[in-house]
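As a plain string of letters, each chain reads:
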There are 4 protein chains.
Amino acid sequence: MESKRKLTKATFDNLPDEKKLLILKTATNEFAIHGFDHANINTIAEKAGISIGSLYKYFGSKQDLFLMTIHQGTEVLMHTLQAIVPSAKSFEDKCRDLIKAIQTTSREQQQLIRLYSELTGVGNSELVQQLSYEIEAISASMYTALIKNGQDTGEIRLDIEPAMAAFLLDNLFISLQFSYASEYYQQRFKIFLGSDIEKKDSFVCEQMVRFLSSALKP
Amino acid sequence: MESKRKLTKATFDNLPDEKKLLILKTATNEFAIHGFDHANINTIAEKAGISIGSLYKYFGSKQDLFLMTIHQGTEVLMHTLQAIVPSAKSFEDKCRDLIKAIQTTSREQQQLIRLYSELTGVGNSELVQQLSYEIEAISASMYTALIKNGQDTGEIRLDIEPAMAAFLLDNLFISLQFSYASEYYQQRFKIFLGSDIEKKDSFVCEQMVRFLSSALKP
Amino acid sequence: MESKRKLTKATFDNLPDEKKLLILKTATNEFAIHGFDHANINTIAEKAGISIGSLYKYFGSKQDLFLMTIHQGTEVLMHTLQAIVPSAKSFEDKCRDLIKAIQTTSREQQQLIRLYSELTGVGNSELVQQLSYEIEAISASMYTALIKNGQDTGEIRLDIEPAMAAFLLDNLFISLQFSYASEYYQQRFKIFLGSDIEKKDSFVCEQMVRFLSSALKP
Amino acid sequence: MESKRKLTKATFDNLPDEKKLLILKTATNEFAIHGFDHANINTIAEKAGISIGSLYKYFGSKQDLFLMTIHQGTEVLMHTLQAIVPSAKSFEDKCRDLIKAIQTTSREQQQLIRLYSELTGVGNSELVQQLSYEIEAISASMYTALIKNGQDTGEIRLDIEPAMAAFLLDNLFISLQFSYASEYYQQRFKIFLGSDIEKKDSFVCEQMVRFLSSALKP
DNA sequence: CATGAATGAGCTTTCATTCAT
DNA sequence: TATGAATGAAAGCTCATTCAT
């Protein structure tokens, strides 16, 4: 809908992949550790082994760099989704796969998910709008399709609106994601379920699957 | 369990209630609008009609003031919970009441909920730990009790762990809360359900009730 | 006409006169030597013996400080004008007094006049507009009155518009001012009149008086 | 007298005229709009369709490029002067022609005149000295000759030094030029003469001619 | 107790110039 | 000759906190 403004300048795209990845990884690290406001652009440049001037040749601003790290990160996450949702498995099995994927990636990509939760606080420039739209619209359409498909195959009740079911599903998945990645939500997770959540992956998964399939079965 | 360090100094407690409320209200406003980092302590003092010196006599630091605003705010929210959860109604009716309460208070107390979502980013001092424990522990125990009670009355299935069910319930409620209060989650809400979410309160409520009661009924 | 926005904050006004003058003098120096763009706020603070924080408590921005130095400086110049123009002397004698005053003050207040010529380049914020209006409006009205008065006394021809005569008069005076104060205009002055202009004050004065009185006599 | 250091390197002179003009025109634009300090060399190169590397092959520095734009611009202005001053007309008519020329060119070559007023602030390298000498020496000698010639023909009084009269004449002309071209002086112009100065060209011209011829006639 | 002036470290961003290709 | 990516010093401004009055 909007004329997609690019987050990077051409100079960045022309960089060798190795260098591009190094820069983005360094930035992801800094932003995840210190948050957007407290992350230091000069430090990022230094740690990535480039000059500040170059950093600003590649990205127009601190915010652009931040958004780019998220953009690149979410692409990875979206691939995971796309590998699971359109498969031929049953709805219940897909849920199980999704939850397991969340449990794995939330730990592997902890920093990325922390970044995502920073997105809320960066103010609401056009770019933030655009990026968040990109991210959420994909999940929304994929989950809605997932539900509709389940309704077609008779696995999912018809008296619930697909968009609404998708919304609730995504809410549960996002919450779970944060519960594994963010320090704050991790603590809350433990308050509910005890300090040994690390060992309870399959328990959490099975209980959620049970919860979800009952909630949506006809 | 924890050595409760106080957020306020005695000097604040001795203030007339009116003044105390004015200060906290002003702070809530500033923090909700600008976020923790960009809120300006000097501005808060000015708007509350007191000197910065006094503010520092009342609260030890910016963080302490912030945590106090949350502490005071959540008390209000907890009262709502306590009015609904222990009532004599059916589980389904309690869910309905809770969702309606969320829809109402999220709009009325928008700023408060925005504050809460800032909590994640404030770092993890002892005080943050303490406060978050206070908040989450109450919800956790209340929802867990709610589920157990439902299991006792035969309204809720027995093959789901009460703590786990409570966790999922709270996840859905918190997500809904943010969806009404935070700008970012509001946009996401609309991506899923269309731009007229303001008019769909009862639809959202009924669908969620249906989802929840199916998920948990025996 | 415009709601006069103040250049200083109250905190500056409350300072002891000695300190106020030291700050303005230091700033005048820096701005005169380096020009607006190259003047260094941190250096000004340091040389004035105050912290940068304080400087920004006193003045909202670099530009505000700059404009304040001009404002204060022109006040001095305006006093000189007001001492000469409304006197009981003949028009010719007043011109002579004005030119002599320019020759003296341009040397004494060299830096101030250099500041003034920087004014053009500072961009056109509301404040610049306001300040320049203040300065020019006073000269305009005083010189116009001077001409009208001369027409009333029969010293000045009637077939020239007072405002136009005042404009030309001011043009000559300002040019002369720059010719003594600005390095560039000084060089130009010498190209026209030879390198010994320093010793030619009375010659320059008499020739100008002769030029002016002929130009305007009936 | 002075060892004329060149502003351009040979590489520039060898360029096709079209390209040379494009570069200078682009530079004039940028310098006129943003002033010397805020003009961006990289932007100029980009807009002129050449590389920064090339620009630095053509001109030694930002300052050199700036001075070159002025040098080239003043040549145009000087041609105007040379077309009027040595003509066979009366002194009064020449004045009239000069003023009219100023009114026209100040509007057409607005940017050029704005550049000229930037010259003061560029510091005082050898090159600035050289350039300003070039410019001012020509006006000085032409106006002085104009006056002397008037004295010879009996149009101009003998009791005024030609150089001095030339100086005053040039002061008035330069002031007028700025009054049409610079934003700041334009505002001042209006303060003296009202906001409709655009429509008053012939009035301004006639009043100035009257002023000048009276000032200098025997 | 109350005040509020003073502090100063710290951070984003710009841009003239260089030099390897 | 031409290119344009890389450089990095430098500067305006903010704001939590202190402490003398």
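This one's a predicted model, so the numbers in the text were calculated from it and none came from an experiment.

Conventions we followed
Within any chain, residue numbers begin from 1 and follow the written order of that chain's sequence. Chains carry letters and ligands carry numbers; both start at the beginning, A for chains and 1 for ligands, and go up in the order they are written. Restriction of local features to residues with pLDDT of at least 70 applies here, the model being predicted, together with a cutoff of 80 or more for giving and counting side-chain atom pairs; totals for whole chains, interfaces and linings are based on all residues. The basis for every side-chain value is the complete set of heavy atoms in the structure, and neither hydrogens nor water enter the calculation. Two residues qualify as a contact provided that any one of their heavy atoms is within 4.5 Å of a heavy atom in the partner residue. A 1.4 Å probe defines the accessible area here, and the buried area is the portion of it lost by two parts on being joined, summed over both. For salt bridges, the criterion is a side-chain nitrogen of Lys or Arg within 4 Å of an Asp or Glu carboxyl oxygen. Pairs of N or O atoms are called polar contacts if they sit within 3.5 Å, as long as, within protein, a hydrogen donor faces a hydrogen acceptor (for residues adjacent in sequence, only side-chain-to-side-chain pairs). The helix and strand labels rest on DSSP assignments: H or I over at least four residues marks a helix, E over at least two residues marks a strand, and numbering proceeds from the N terminus. Ten residue types, Ala, Val, Leu, Ile, Met, Phe, Trp, Tyr, Cys and Pro, are classed as nonpolar, four, Asp, Glu, Lys and Arg, as charged, and the remainder, Gly among them, as polar. The nearness test applies per residue and asks whether one of its heavy atoms lies within 4 Å of the molecule or strand. Here the copies are matched by least squares. The fit uses the C-alpha atoms of residues with pLDDT of at least 70 in both. To get an axis, a line is fitted to the C-alpha atoms, and for a helix only the part in contact is used. The angle between two axes follows their N-to-C directions and goes from 0 to 180 degrees. In what follows, roughly perpendicular refers to angles from 65 to 115 degrees, roughly parallel to angles under 35, roughly antiparallel to angles over 145, and oblique to any angle outside these ranges. Put simply, a crossing is left-handed when the front helix is turned counterclockwise from the back one by less than a right angle, and right-handed when it is turned clockwise. Each residue after the first adds 1.5 Å to the expected span of a helix. We call a residue buried when its accessible area falls under 20% of the maximum for its residue type, exposed when it is over 50%, and partly exposed in between, using a 1.4 Å probe and counting protein chains only. UniProt positions are given in the numbering used here, feature names are shortened, and annotations may be inferred rather than shown by experiment. Residue-level confidence of the predictor is summarised by pLDDT, bounded by 0 at the bottom and 100 at the top. We call Phe, Tyr and Trp rings a pair once their centres come within 6.5 Å, taking the six-membered ring for Trp, and we label the pair stacked below 30 degrees between planes, edge-to-face above 60, and tilted otherwise. Each ring is checked for a lysine NZ or an arginine CZ that lies within 6 Å of its centre and within 35 degrees of its normal; such an atom marks a charge sitting over the ring. The arc in question is the one spanned by the directions pointing from the helix axis to the C-beta atoms.

Caption draft 1: Representation of the interface of chain D and chain C in the model. With 50 residues of chain D in contact, the opposing surface of chain C contributes 50 residues. With both chains or domains summed, chain D and chain C bury close to 4900 Å², and 65% of this area falls on carbon and sulfur atoms. It is Tyr184, Phe192 and Phe211 of chain D that lose the most area in chain D upon contact with chain C, and together they represent 17% of the buried surface on that side. There are 6 salt bridges connecting chain D and chain C. One salt bridge connects aspartate 159 of chain D with arginine 210 of chain C, and the closest N-O pair in it is separated by 4.0 Å. The tally of links from chain D across to chain C stands at 19 residue pairs in polar contact (both at pLDDT 80 or more). Looking at the side of chain D that touches chain C, the elements with two or more residues in it are α2 (17–38), α8 (126–153), α9 (162–181), α10 (183–193) and α11 (201–216) of chain D. Element by element, the count of residues in the side of chain D that touches chain C is highest for α9 of chain D, at 13 residues. Each residue belonging to the side of chain D that touches chain C can be placed in one class, and the counts come to 28 nonpolar, 13 polar and 9 charged.

Caption draft 2: Region of the structure containing the protein's contact with DNA strand E. In the region of DNA strand E, 32 residues are neighbours, and Asn42 and Tyr56 of chain A, Ser54 of chain B, Tyr58 of chain C together with Tyr56 of chain D sit closest. Within 4 Å of the protein, the atoms of DNA strand E are drawn from sugar and phosphate moieties in a proportion of 62%. The contact in question runs from a phosphate oxygen of DNA strand E to an N or O atom on the side chain of serine 54 of chain C, over 2.9 Å. Tyrosine 58 of chain C is positioned such that a nitrogen or oxygen atom in its side chain is 2.6 Å from a phosphate oxygen of DNA strand E. Looking at the surface near DNA strand E, the elements that each hand over two or more residues are α3 (41–48) and α4 (52–58) of chain A, α4 (52–58) of chain B, α4 (52–58) of chain C together with α3 (41–48) and α4 (52–58) of chain D.

Caption draft 3: Highlighting the relation of the copies chain D and chain C. Least-squares fitting of chain D to chain C yields an RMSD of 0.2 Å, with the superposition described by an axial translation of 0.0 Å and a rotation of 179 degrees. Viewed as a symmetry operation, the transformation between the two copies matches a two-fold axis. Among all residues of chain D, the one whose C-alpha sits closest to the rotation axis is alanine 215 of chain D, at a distance of 1.9 Å. The share of interface residues of chain D whose copies in chain C are also at the interface is 100%, consistent with both copies meeting through the same surface.

Caption draft 4: Spatial organisation of the protein's contact with DNA strand F. Around DNA strand F sit 32 residues, and of these Gly53 and Tyr58 of chain A, Tyr56 of chain B, Tyr56 of chain C together with Ser54 of chain D come closest. Of everything in DNA strand F that lies within 4 Å of the protein, sugar and phosphate atoms constitute 61%. In the environment of DNA strand F, a phosphate oxygen lies 2.7 Å from a nitrogen or oxygen atom belonging to the side chain of tyrosine 58 of chain A. In this structure, alanine 39 of chain B approaches DNA strand F through a main-chain N or O atom, which is 2.9 Å from a phosphate oxygen. Of all the secondary structure elements, the ones that give two or more residues to the surface near DNA strand F are α4 of chain A, α3 (41–48) and α4 of chain B, α3 (41–48) and α4 of chain C together with α4 of chain D. In the surface near DNA strand F, the residues fall into 13 nonpolar, 15 polar and 4 charged.

Caption draft 5: Up close: the packing of helix α11 (residues 201–216) of chain C against α9 of chain D. Packing of α11 of chain C against α9 of chain D brings their axes to within 10 Å, and their N-to-C directions diverge by 65 degrees. In terms of orientation, α11 of chain C lies roughly perpendicular with respect to α9 of chain D. When the axes of α11 of chain C and α9 of chain D are compared, the crossing they make is right-handed. Packed against α11 of chain C, whose contacting residues are Phe203, Val204, Gln207, Met208 and Phe211 of chain C, the element α9 of chain D presents Met164, Leu168 and Leu172 of chain D at the interface. Partitioned by chemical class, the residues of the contact of α11 of chain C with α9 of chain D number 7 nonpolar, 1 polar and no charged.

Caption draft 6: Molecular detail of the interface of chain A and chain B. Facing the 50 residues of chain A at the interface are 50 residues of chain B. Together, Tyr184, Phe192 and Phe211 of chain A form the three largest contributors to the area buried by chain A at its contact with chain B, with a combined 17%. If you look at where chain A meets chain B, you find 6 salt bridges. One salt bridge in this structure joins arginine 188 of chain B and aspartate 170 of chain A, with 3.0 Å as the shortest N-O distance. Here chain A is connected to chain B by 19 residue pairs in polar contact (both at pLDDT 80 or more). At the level of elements, α2 (17–38), α8 (126–152), α9 (162–181), α10 (183–193) and α11 (201–216) of chain A are the ones that each hand at least two residues to the side of chain A that touches chain B. When residues of the side of chain A that touches chain B are assigned to their parent elements, the largest contribution, 13 residues, is made by α9 of chain A. Class assignment of the residues belonging to the side of chain A that touches chain B gives a composition of 28 nonpolar, 13 polar and 9 charged.

Caption draft 7: Layout of α8 of chain A. Here α8 of chain A spans 38 Å end to end across 27 residues, near enough to the 39 Å set by a 1.5 Å rise per residue. Once α8 of chain A ends, the next one or two residues include glycine 154 of chain A, with phi positive near 80 degrees.

Caption draft 8: How the structure looks around the relation of the copies chain A and chain B. Each copy superposes on the other: chain A lies on chain B with an RMSD of 0.2 Å after a rotation of 179 degrees and an axial shift of 0.1 Å. Both copies present the same face, since 100% of the interface residues in chain A are matched by interface residues at the equivalent positions in chain B.

Caption draft 9: Layout of the pattern of salt bridges. This model, assessed by the stated rule, comprises 52 salt bridges over all chains. Residue arginine 188 of chain D is joined to glutamate 136 of chain C by a salt bridge in which the shortest nitrogen-to-oxygen separation is 3.4 Å. One end of the pair, arginine 188 of chain D, is in helix α10; the other, glutamate 136 of chain C, is in helix α8 (residues 126–152), on a second chain. Residue classification places arginine 188 of chain D among the buried residues on the basis of a relative accessible area of 1%. Arginine 157 of chain D is paired through a salt bridge with aspartate 159 of chain D; the nearest N and O atoms lie 2.7 Å apart. When its relative accessible area of 39% is taken as the criterion, aspartate 159 of chain D is described as partly exposed.

Caption draft 10: Quick look at the side chain of threonine 28 of chain D. Residue and element names in this part refer to chain D. You can see threonine 28 is positioned in helix α2. With a relative accessible area of 11%, threonine 28 lands in the buried category. Ignoring any residue separated from it by four or fewer positions in sequence, one finds threonine 28 in contact with Thr69, Gln111 and Leu115.

Caption draft 11: Expanded view of the UniProt feature "DNA-binding region" (unreviewed entry) in chain A. In this structure's numbering, the residues bearing the UniProt feature "DNA-binding region" (unreviewed entry) are residues 40–59 of chain A. Secondary structure content for residues 40–59 of chain A is 75% helix and 0% strand, while the C-alpha to C-alpha distance between its ends is 14 Å.

Caption draft 12: Structural context of the confidence of the model for chain A. Overall, the prediction assigns chain A a mean pLDDT of 91, with 95% of residues at 70 or greater. Least confident of the elements in chain A is helix α7 (residues 110–118) of chain A, whose mean pLDDT is 85; most confident is α11 of chain A, at 97.

Caption draft 13: Representation of the packing of aromatic side chains in the model. Across all of its chains, the model carries 54 aromatic pairs over all chains by this definition. Between the aromatic rings of tyrosine 184 of chain A and tyrosine 116 of chain B, the centroid separation amounts to 6.3 Å while the plane-to-plane angle is 85 degrees, which identifies the pairing as edge-to-face. Here tyrosine 116 of chain B lies in helix α7 (residues 110–118) and tyrosine 184 of chain A lies in helix α10, a pairing that spans two chains. Of the two residues, tyrosine 184 of chain A and tyrosine 116 of chain B, neither departs from the other in class, the shared state being buried. Judged by centre distance (5.0 Å) and plane angle (65 degrees), the ring pair of phenylalanine 36 of chain D and phenylalanine 66 of chain D falls under edge-to-face. Here phenylalanine 36 of chain D is found in helix α2, whereas its partner phenylalanine 66 of chain D is found in helix α5 (residues 62–84), with 30 residues between them in sequence. In this pair, the class of phenylalanine 36 of chain D matches that of phenylalanine 66 of chain D, namely buried. Sitting over the ring of phenylalanine 36 of chain B, lysine 62 of chain B keeps its end group 5.0 Å from the ring centre.

Caption draft 14: Quick look at α7 of chain B. Among all positions in α7 of chain B, only Leu112, Ile113, Leu115 and Tyr116 of chain B are buried. Down the axis, α7 of chain B shows its buried residues gathered within 150 degrees of arc, on one side only. Lining the buried residues of α7 of chain B we find α10 of chain A together with α2 (17–38), α5 (62–84), α6 (91–108), α8 (126–152) and α9 (162–181) of chain B.

Caption draft 15: Representation of the arrangement of the chains. Regarding chain B and chain C, which are not in contact, the minimum distance between any of their C-alpha atoms is 13 Å. Separating chain A from chain D is a minimum C-alpha gap of 13 Å, and the two share no contact.

Caption draft 16: How the structure looks around the environment of alanine 10 of chain C. Turning to its location among the elements, alanine 10 of chain C is positioned in helix α1 (residues 10–13). It is 9.0 Å that separates the C-alpha atoms of alanine 10 of chain C and lysine 57 of chain C, two residues lying 47 residues apart in sequence.

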